[in-house]
Amino acid sequence: MGVHLLHRAVLSIPVLFGVLLLGFMLLQLVPGDVAQVIAGPQATPEVVEQIRRDLGLDRSRVIQFFIYITRVMQGDLGYSMINNTPVISELGEAIGPTFELMIGSLLFSVPIGIALGTVAAVNRGRALDRIIIAISVFGVSMPVFFIGLMLIMYVGYHWELLPFLGRAGPLWTLDGLAHAALPSLTLGLIFIGPVARMTRTAALEVMNADYVRTARAKGLAEHTVIIRHVLRNALIPVVTLIGLQAGYLLGGAVVTETIFSWPGVGRLAVGAILARDLPLAQGSILILAVSFIVINLLVDVLYGILDPRVGKR
């Protein structure tokens, strides 16, 4: 397993380089001039040009990218062009809330999704199975902004059950947990459906395996067969889905973070792109890519726990 993880880590290096290159090229297409933004609308062309030289924007894009890669390899992500603060410090403040949102939504959605998928597989073709499938399809079809706005309108505003704006502290504090509840619930509701459907499909395939029939023939209780033999072997594709969705929750939760004014990386990245703050935008892309790779490595570790044969391949 150690050799396998090392091999995956080495393969991640060109992936990171490709992500940085693609992100750099796409950011060049964003309209606007950051030097003009910094100088202000009343600045003279000479002042704007001086700022461009100070920021290195007068050099070719190839040289700019080479300089950026060199700094990244040294652990230097540069300074925000707009705020003039270290990018690493701004990302350090934003990555924690984003991870809190991801963890909160996963802790809510994964157990419910696995439970619903297992119940649907056990009751295949029955009314309960159809109801769970319908709920899953409904959850996947609902836009995240609609779910968020409905929760804000009713749970937050009309019923005043939970706060719905900003972050009050870490998850282990009561106030922080209350503020994270609605955004985590918003992301978790759209995640339950895919987990339930994947669990149901994988469980149905495993139920027809010879070792499951052998377990039943030995007289084991049905719940023991389902939990020990069916569910454990059906979780590998589910773990894959969870890993992919966790990466989505890190980078794709910008809508949720915007609706709930949650100070995460997604919201920070969008703000940096709109302001054409290239170092901050590139740093956000880098930290999201690294987080996604780390999550996939953790998924490989879970593979080895669920199926020891993975580490021997």
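Visitor: What exactly am I supposed to notice about the nonpolar core here?
Guide: General note: in soluble globular proteins, nonpolar side chains tend to be found buried as a group. In terms of nonpolar packing, the biggest core is built from 33 residues, with Met 102, Leu 106, Ile 114 and Leu 187 touching the most fellow members. Counting residues per element, the ones that place at least two in this core are helix H5 (87-122), helix H7 (144-158), helix H8 (174-207), helix H10 (222-251) and helix H13 (278-306). With eight residues, the top contributor of residues to this core is H10. Beyond its immediate chain neighbours, meaning those up to four positions away, Ile 114 contacts Val 195, Thr 199, Leu 231, Leu 235 and Val 238. Within the second largest apolar cluster, 18 residues are counted, among which are Val 30, Leu 77, Ala 281 and Leu 286.

Visitor: Teacher, can you tell me more about helix H12 (residues 265-274) here?
Guide: What sets the pattern is the α-helix's 3.6 residues per turn: residues three or four places apart point alike. Those residues of H12 not exposed but buried are Val 265, Gly 266, Ala 269 and Ala 272. Down the axis of H12, the buried side of the element spans an arc of 130 degrees, and every buried residue falls inside it. At the C-terminal side of H12, Arg 276 shows a positive phi close to 55 degrees.

Visitor: Please clarify how the packing of H5 against H12 should be interpreted in this entry.
Guide: Each pair of packed helices can be described by the angle between their axes along with the distance between the axes. Across the interface, H5 lies against H12 with an axial gap of 8 Å and an inter-helix angle of 135 degrees. With respect to each other, H5 and H12 are oriented oblique. Contact residues: H5 offers Glu 90, Leu 91, Ala 94, Ile 95 and Thr 98, while H12 offers Val 265, Gly 266 and Leu 268.

Visitor: Explanation requested: the pattern of salt bridges in the structure shown.
Guide: Should their charged atoms come close, side chains of opposite charge can pair. If you walk through the whole model with that rule in mind, you get two salt bridges. A salt bridge links Glu 100 to Arg 167; the shortest N-O distance between them is 2.9 Å. Highlighted residues: Glu 100 in helix H5 and Arg 167 in the loop between H7 and H8, separated in sequence by 67 residues. The partner of Arg 200 in a salt bridge is Asp 129, with the nearest N and O atoms 2.8 Å apart. Of the two residues, Arg 200 is situated in helix H8 and Asp 129 in helix H6 (residues 127-141); the sequence distance between them amounts to 71 residues. Residue Arg 200 shares its accessibility class with Asp 129, and that shared class is buried.

Visitor: Would you mind going over the packing of aromatic side chains with me for this structure?
Guide: Geometry of an aromatic ring pair is reported as the spacing of the ring centres plus the angle between the planes. Overall, the coordinates contain three aromatic pairs when judged by the stated rule. Measuring from ring centre to ring centre gives 5.8 Å for Phe 17 and Phe 65, while their planes differ by 70 degrees; the resulting arrangement is edge-to-face. Taken together, the residues span a long stretch of sequence, with Phe 17 in helix H1 (residues 2-27) and Phe 65 in helix H4 (residues 61-73) at a distance of 48 residues. Arranged with centres 5.3 Å apart and planes meeting at 55 degrees, the rings of Phe 24 and Phe 65 form a pair that is tilted. Of the two residues, Phe 24 is situated in helix H1 and Phe 65 in helix H4; the sequence distance between them amounts to 41 residues. The pair formed by Phe 24 and Phe 65 is uniform in burial state, with each residue classed as buried.

Visitor: Just checking my understanding: could you explain unusual backbone geometry for this structure?
Guide: Excluding glycine, residues mostly carry a negative phi; peptide bonds, for their part, are mostly trans. Phi at Asn 84 takes a positive value of approximately 60 degrees, unusual for a residue other than glycine. Within the element layout of this structure, Asn 84 appears in the loop between H4 and H5. The phi dihedral of Ser 261 falls on the positive side, at around 55 degrees, and the residue is not glycine. Looking at where Ser 261 falls in the secondary structure, it is placed in the loop between helix H11 (254-259) and H12.

Visitor: Whenever I open this one, the environment of Phe 145 confuses me. Can you help?
Guide: For Phe 145, the location among the structural elements is in helix H7. Taking relative accessible area as the criterion, Phe 145 reaches 45% and is therefore assigned partly exposed. Taking the C-alpha atoms as reference points, Phe 145 and Thr 258, separated by 113 residues in sequence, lie 9.5 Å from one another. With residues up to four places along the chain from it excluded, the contact list for Phe 145 reads Val 255 and Ile 259.

Thresholds, definitions, all that
Residues numbered from 1 in each chain as written. Predicted model: local features only at pLDDT ≥ 70, side-chain atom pairs only at ≥ 80, totals over all residues. Heavy atoms only, no water. Core = buried A, V, L, I, M, F, W, Y, C linked by side-chain atoms within 4.5 Å. Buried < 20%, exposed > 50% of the residue type's maximum accessible area, 1.4 Å probe, protein only. Helix = DSSP H or I, 4+ residues; strand = E, 2+ residues; numbered from the N terminus. Contact = heavy atoms within 4.5 Å. Arc of directions from axis to C-beta. Axes fitted to C-alpha atoms, helices over the stretch in contact; angles between N-to-C directions. Parallel < 35°, antiparallel > 145°, perpendicular 65-115°, else oblique. Salt bridge = Lys/Arg side-chain N within 4 Å of Asp/Glu carboxyl O. Phe/Tyr/Trp six-rings, centres within 6.5 Å; stacked < 30°, edge-to-face > 60°.

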